[in-house]
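# A closer look at the structure
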Amino acid sequence: MSAPRDRTAPAATNGSPPNGLQPAPRQRISDYVYEEVLKAILDERFRPGERLSIPDLANEMDVSQMPVRQAMDRLAEEGLVEVRPRSGTFVAEPEERDIADTFDLRRALDGLAAETAVLHVTDKDISYLDATVDRMDEYAAAGNAGMQDHDRLNWEFHLFIVRLAGNEKLYEMYQQLNAHLKIASIHVSNHDWADRVPLAQREHREMVRALARRDAKSLAMVLAEHVERAKNALISDIRAVRSRSVDTAKST
Ligand SMILES: [Zn+2]
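Model, not experiment: these values are computed from the prediction.

This brings us to the overall build of the protein chain. Looking only at helices and strands, the protein chain features nine helices and three strands. Reading the helices (α) and strands (β) of the protein chain from amino to carboxyl end gives α-β-α-α-β-β-α-α-α-α-α-α. Residues classed as buried in the protein chain amount to 23% of the 252 residues present. Taking contacts inside the protein chain between residues at least 6 apart in sequence as the whole, the part at least 24 apart equals 71%.

In structure tokens:
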């Protein structure tokens, strides 16, 4: 056992600074690894439930295993990967309950954002948001070909409102929650996507109008309904996908 004073002694690793601070280049590498793996998860190159091999990832990215481990720790803290003792690291596979909880949290954060977004919003911001909703309409009119761009703009629209709130912590947390929800929606086919768009778009317009009136209460209310419906839609999509895969398993 080491004596307590050893804790303040320089780390044994060669070249480590005496205060346990990470050298900058290594930190940048682990940030890079984090971004790359997160991108691969969100692009479905790694599927929910898939095992991630630290040595393989390190080889592929031509880095040592340490930054990969650091990146995995961060992804695990954010709930995006799961570390199972003695079996490895896996891409998270959110359960229905996790999804519902995440949406509820997102709804709360949207409500919090609404409170201060109305204090900071400018007329220029309102024009930008209006134009964003117009562009979403254009993509929606293109049918399935426009789905991805529509979704991207939808996310930019909501993130913009959260950024208007001017709370950095809130903004970061909001982005983390979205990563969870994206993972949750990976298996979902979105077959009735086009049917859901008109109502969602009416709500987006209502949000812009509430911002223009600097009306936090109305903004929070329409956001809450919007997020609640997105939650129910995703959960019912996931149920449909899972019951289909059970049927397939039964018939084979
Ligand atoms: Zn939306």
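From this point on, the discussion continues.
With that out of the way, let us pick up the pairing of strand 2 (residues 81-84). Strand direction decides the pairing type here: strand 2 and strand 3 (residues 88-91), joined by four bridges, are antiparallel. In the strand pairing of strand 3, Val81 is matched with Val91. Linking strand 2 back to strand 3 in an antiparallel pair, the connection comprises three residues, with Arg86 at a positive phi of about 60°.

Further remarks concern the packing of helix 5 (residues 123-141) against helix 8 (residues 193-212). Remark: helix 5 packs on helix 8, axes separated minimally by 10 Å, with the N-to-C direction vectors making an angle of 170°. Overall, the two elements helix 5 and helix 8 adopt an arrangement that is roughly antiparallel. Here helix 5 contributes Ile126, Leu129, Asp130, Val133, Met136, Asp137 and Ala140 to the contact with helix 8, which in turn contributes Ala194, Val197, Gln201, His204, Arg205, Val208, Leu211 and Ala212.

Let us now look at the pairing of strand 3. Residues in a regular strand project their side chains so that they alternate between the two faces of the sheet. Where strand 1 (residues 51-52) and strand 3 come together, two bridges link them in antiparallel fashion. Bridge pairing links Arg51 to Phe90 in strand 3.

Since there are 3.6 residues in each turn of an α-helix, residues three or four apart along the chain are aligned in direction. When the terminal C-alpha atoms of helix 5 are compared, their 27 Å separation across 19 residues agrees well with the 27 Å that a helix rising 1.5 Å per residue should span. Within helix 5, the full set of buried residues consists of Leu129, Met136 and Ala140. Looking straight down helix 5, one finds its buried side chains confined to an arc of 35°; they lie on one side. For helix 5, exposure combined with an orientation more than 90 degrees from the buried face picks out Asp123, Lys124, Ser127, Ala131, Asp134, Glu138 and Ala141. Against the buried residues of helix 5 lie helix 6 (147-164) and helix 8.

About the criteria used
Residues numbered from 1 in each chain as written. Predicted model: local features only at pLDDT ≥ 70, side-chain atom pairs only at ≥ 80, totals over all residues. Helix = DSSP H or I, 4+ residues; strand = E, 2+ residues; numbered from the N terminus. Buried ≥ 20, exposed ≤ 12 C-beta atoms within 10 Å, placed from the backbone. Contact = placed C-beta atoms within 7 Å. Pairing = 2+ DSSP bridges. Axes fitted to C-alpha atoms, helices over the stretch in contact; angles between N-to-C directions. Parallel < 35°, antiparallel > 145°, perpendicular 65-115°, else oblique. Expected span 1.5 Å × (residues − 1). Arc of directions from axis to C-beta.

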